[in-house]
Amino acid sequence: MSGGSGWERIRSTRGGRLSRETSLTGRTARTVRLGRVQPQAPGYRTIFCNDREANLPVRFKGNSISTTKYNFLTFLPKGLFEQFRRVANCYFLLISILSMTPISPVNPVTNVVPLSLVLFVSLIKEAFEDWKRLQNDMVINNNPVDVLHDQVWETIPWKKLQVGDIVRIKQDGFFPADLLFLASTNADGVCYIETSNLDGETNLKIRKAVERTWDYLTPEKAVEFKGEVQCEQPNNSLYTFTGNLIIENQTLPLSPNQLLLRGCSLRNTEYIVGAVIFTGHETKVMMNSMNVPSKRSTLERKLDKLILALFGTLFGMCLVGAIGSGIFISSDYYYLELQRGVGLEFNPSSRFSVAILTLFTLITLYSTIIPISLYVSIEMIKFIQCAQFINKDLHMYHVETNTPALARTSNLNEELGQVEYIFSDKTGTLTRNLMEFFKCSIGGEVYGTGFTEIERGGAQRMGAKIQEAQRSPHAVHEKGFNFDDSRIMRGAWRNESNPDVCKEFFRCLAICHTVLTEGDESPDKITYQAASPDEAALVTAAKNFGFFFYRRTPTMIYVRESHVEKMGNITDVPYEILNVLEFNSTRKRQSVVCRYADGRLVLYCKGADTVIYERLADGNNELKKITREHLEQFGSAGLRTLCLAYKDLNPETYESWNEKFIQAKSSLRDREKKLDEVAELIEKDLILIGATAIEDKLQEGVPACIETLAKAGIKIWVLTGDKMETAINIAYACNLINNDMKQFIISSETDAIREVEEKGDQVEIARFMKEVVKEELKRCLEEAQHSMCTVSGPKLTLVIDGKCLMYALDPSLRVMLLNLSLNCSSVVCCRVSPLQKAQVTSLVKKGARKITLSIGDGANDVSMIQAAHIGVGISGMEGMQAVMASDFAIAQFRFLTDLLLVHGRWSYLRICKVITYFFYKNLTFTLTQFWFTFHTGFSGQRFYDDWFQSLYNVIFTALPVIIVGLFDKDVSAALSKKYPELYKEGIKNMFFKWRVVWTWAFFSVYQSLVFYHFVTISGTSGKNLSGRMFGLWDVSTMAFTCVVITVNLRLLMMCNSITRWHYISVGGSILAWFVFILIYSLLRENVYYVIYVLMGTFYFYLTIILVPIVALLGDFIYQGVERWFFPYDYQVVQEMHRNDPEDNSRAGLLEIGNRLTPQEERSYAIAQLPRELSKHTGFAFDSPGYESFFAAQLGVHAPQKAWDVARRASMRGKPKPSKKH
């Protein structure tokens, strides 16, 4: 059955009859979302292997893929639709249409050309990106693959592959579609695959073909294969697959172990043979290849409000003009000849029509109030910020893994400067995810010496000293194993009081796993490929205890056991693996049923303490109690714990259970659920062996990073699946919690709750838990509010576990939870599921309306990453799922300091300046036209030439604002991190408040009045060389010159750092105006020779000097008063460090440079080149402690600022520090 269609083919295997049911109408809607299992179409698909004709009526999808957004026919309509989703572009389209009507005072070309240019550039960008996608698709679709045809392997491109084809994949080749694994050159029908393209994990995974198909390896045998596959519909669940293979009236169950997914590659296997199950866009990897959810920054949404405010202003100005024209128009003005044959727009007898038509006229005339180049400029700035500054910052480059920072989207740069809440995973994010076997408890006895980082940190807080135990001279420390205890090493366990329990403990470690081996079968050279670092650490521990797992086949595990029968005796022991009950997030345990050589049947089980304790046999309470105490000790030390148990099985009982297991495994519907239910039947009455404790060390710099972020006003929440004790101790070690804080702990591990749970009534448990959680929340909230009322109350922290959180997130309690959480400086949620992580993130994001950031490294963090405003992925040990779903990717948690406090803060400041400056320069320009309207009888006469108006935003003021958006910074990176409190200005949105906007608006009104009235007054009294008065185009050209000069100089006044690029862009923009007008006035009739006439007069030069000075005088005074009496925090820091010498920060990066490869050193050197070009600090890689405000102090020329005037006298006597070279 083709995915999404209603075609269904069902073959009756018992009667041998084939019935085909076809429905052409039943199309099933499908929604694909990353990280969520997609609803399947009803029924299942039936595939006839090696029989294209039988599959033809079903119309399975082809194997060709397309990742492009457009095709030849849809590019223009779809591309234009994307562009006109922006309100501003719709506005400019309306203006362009109005400008083509007779009521327009401007030439339509001047509006249509800029809009067309913006749309053309955007469409070219879209086309270029889509062309790259198309080329990539063509390369993939034309990859060769061997397909069985007439008893020979024929090479065809991937795109011609069809469902049911038999294919051969060679070593290191990629699977072209989702394949059913039939046969392999390896023994026992096994192959090894690498799934790094799928999930980033580089460890090899084992796949095993059904034994019945092992012989179909050669083309002669494969051509005989005529099996029928009944399987699930295409879906995006990577780790599940249910189906049956029907061959010669025999039904064989299929599982994910027989499925080879597209995108994976074959390793350590000469070749395999498989049958195509899913093709093209129906393969699991393609159904997962959804883009990260589109996110818009908060600042961009506020920009929409500003645009709406400008719309309101525009409408108000037009309304004033329209009303004025309706009042002004009169037949009394006989010299206007309005009595005879005038159009409706000037007819005195229809004042209302005059007002309406004037309204539309003025809308086209004042259209420049909204800048057409704003969005393009912001997009360009953000893209360069990501590509050049964030991605190439050596402070965020991780040398050990050769991993730079990566900005996967440029939409959220400024959002990084306003984050108030960080939601962090623990394992692999705060910790290294490099697991080391550290301690264990066997039969009620603790083994292992030494102290964890967390224990040392705890002792340091208490003021106690730790007496480190002397390590044994024979202690072993390798990757995954940091254990020292002579009582059980090198066979000494035989002398313990419980040697049999020790033996079961070690065998459980050596047998109960899914680890694969690579390399020589010797302890020193073997490599373990494990699904998780924990599992590799446990197998490594078994090896060091003398139970060396060295080989695996699909049905056997081989262990080299030392000192079992007697000291020094080494024996290779085979164990037959009968069943593997795999680990998943629901079961939280893994079991293996194995048969010893002597016929003994044993179930070994390892898992979380909560699930193992529920399944232990009655009795032996003392051991359970002691082991639970040991587990709490390990948790307090920040160690990750697992419980180990076993059970001897009766052969008859096992055979009865195995039948149910095979039946469940063959089920097409709810297979996972049925397997879990069957597993419950055998995973009970277990005997406790002991517990393991694995250390996951903190990442370098995590405590310091968290402390810095806390000073910046950012609240950090840890959301982890670990137990409460471990989570709390990690929080202590990270400086999230300290002894001065008041802790609120809401836990389900209380006697009252356990008592209710033991009764087993689920309804009563839910009711009781909800009531308890409600009471706890109410109590904690009252205490928190009381504490907040006191002047010197302690900081608060909340710790809550997953069970309680489930009830706290209930709609009736979530407001109480949110209020309590917002009053706490840190929150720790433990034992939480991936869904709960996302729910908590959404609670703060939507409930508190605060900017949130989620950071994680694993697949279980994807939903949390996508739920937050900003998602950050750690490219760590758990694959790349988190990175693929994130907006930004970094290698270490500590790099958040640079990402937020440096790049985030700078981006926020720069974008705020860009937006407010655009607002200012366009409002100033449009208001001069508005004032002119009052002197023209509100007729809609234009003040400026059409091309002046059109090129104002595109050429004469475009480049300088982009330079500010790229290079401006208030303080250096080093000072940004030294004074993290500066970040609070972004959280409070200090630089894009309405107060800031109204301040700019006030000075726009002031400057526009200066431009208009000063120039027009001088125009009335001024005369050109021929003695004539200045005309309209003389005055408007002079006014436009003043506007261009003033707004460009005003940009320099708002800069905190000035580079040569500022001078070049500002000077170039002013020069561009003069070059343009000198040429244009020779070509255009209405302004013919105007500039040459003006430049021959004294008035012109006096005006372009004095008018900008008067216009900028208000800004000059305002900035000076603000800096002296109402400074921002960054201005205070600037004053504190104004005399710091220049330092190019190379010493701080020297150590990094010394450890780079020659190629990396070359890249590093190239990255440094731009910094050599500038004497100022406008580049992303800054020179700490040197601010361009006081560049003159260091012997570098810099323009005087408003605040320098009052200080000039006091500065004269100070010697200038020598400049470094």
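Residues numbered from 1 in each chain as written. Predicted model: local features only at pLDDT ≥ 70, side-chain atom pairs only at ≥ 80, totals over all residues. Heavy atoms only, no water.

**Description of the sheet that holds strand E10 (residues 228-231)**
The strand order across the open sheet formed by four strands is E3-E10-E11-E12, and the pairing between neighbours is antiparallel. The open sheet has two edge strands, strand E3 (45-48) and strand E12 (250-254), and neither has a second partner. The average undirected angle you get between the axes of adjacent strands in this sheet is 20 degrees. In this sheet, E10 lies alongside E3 in antiparallel orientation, the contact comprising four bridges. Within E10, the position partnered with Ile-47 by the bridge is Val-229. (Pairing = 2+ DSSP bridges. Helix = DSSP H or I, 4+ residues; strand = E, 2+ residues; numbered from the N terminus. Axes fitted to C-alpha atoms, helices over the stretch in contact; angles between N-to-C directions.)

**So, the packing of aromatic side chains**
What the rule picks out here adds up to 61 aromatic pairs. Centroid distance Phe-481 to Phe-483: 5.9 Å. Interplanar angle 40 degrees. Geometry classified as tilted. Looking at Phe-481, the relative accessible area reads 0%, which means it is buried. You can call Phe-483 buried: its relative accessible area is 0%. The interplanar angle of 35 degrees and the centroid separation of 6.0 Å between the aromatic rings of Tyr-654 and Trp-657 together place this pair among those described as tilted. Note that Tyr-654 and Trp-657 are positioned in helix H16 (residues 651-666) at a spacing of three residues, about one turn of the helix. Among the aromatic side chains, those forming a connected cluster through ring pairs are Phe-925, Phe-932, Phe-943, Tyr-944, Phe-948, Tyr-952, Phe-956, Tyr-1012, Phe-1040, Trp-1073, Phe-1076 and Tyr-1080. Seen from the ring of Tyr-271, Arg-168 lies directly overhead, with NZ or CZ sitting 5.6 Å from the centre. Just above the ring of Tyr-596 sits the side chain of Arg-600; from NZ or CZ to the centre is 4.9 Å. (Phe/Tyr/Trp six-rings, centres within 6.5 Å; stacked < 30°, edge-to-face > 60°. Buried < 20%, exposed > 50% of the residue type's maximum accessible area, 1.4 Å probe, protein only. Lys NZ or Arg CZ within 6 Å of the ring centre and 35° of its normal.)

**Some details on the UniProt feature "transmembrane region" (unreviewed entry) in the chain**
Taken from the UniProt record, the annotation "transmembrane region" (unreviewed entry) applies to residues 306-330, 350-376, 914-934, 954-975, 996-1015, 1030-1049, 1061-1083 and 1089-1113. Within the segment residues 1061-1083, helix and strand shares are 87% and 0% respectively, and the terminal C-alpha atoms sit 32 Å apart. Spanning residues 1089-1113, this segment combines 84% helix with 0% strand, and its end C-alpha atoms are found 32 Å apart. (UniProt positions renumbered as here; feature names shortened; annotations may be inferred.)

**Things to note about unusual backbone geometry**
The phi angle of most residues is negative, glycine excepted, and most peptide bonds adopt the trans form. With phi around 55 degrees, Asp-150 is a residue other than glycine that occupies positive phi space. Tracing the sequence through the fold places Asp-150 in the loop between strand E4 (144-149) and strand E5 (152-157). Despite not being glycine, Arg-490 has its phi angle at roughly 50 degrees, a positive value. Turning to its location among the elements, Arg-490 is positioned in the loop between strand E21 (481-483) and helix H12 (499-511). A relative accessible area of 39% means that Arg-490 is categorised as partly exposed.

**Observations concerning the pattern of salt bridges**
On inspection of all chains with the given rule, the structure shows 43 salt bridges. Measuring nitrogen to oxygen at the nearest pair gives 3.2 Å for the salt bridge that ties Arg-487 to Glu-445. In this pair, Arg-487 sits in the loop between E21 and H12 while Glu-445 sits in strand E19 (residues 445-447), placing the two residues 42 residues apart along the sequence. Look at Glu-445 and you get partly exposed, because its relative accessible area is 35%. The salt bridge partner of Arg-831 is Asp-609, with a shortest N-O separation of 3.2 Å. Of this pair, Arg-831 sits in the loop between strand E34 (826-830) and helix H24 (834-848) while Asp-609 sits in helix H14 (residues 609-614), and the two are 222 residues apart along the sequence. For Arg-831, a relative accessible area of 27% corresponds to the partly exposed category. (Salt bridge = Lys/Arg side-chain N within 4 Å of Asp/Glu carboxyl O.)

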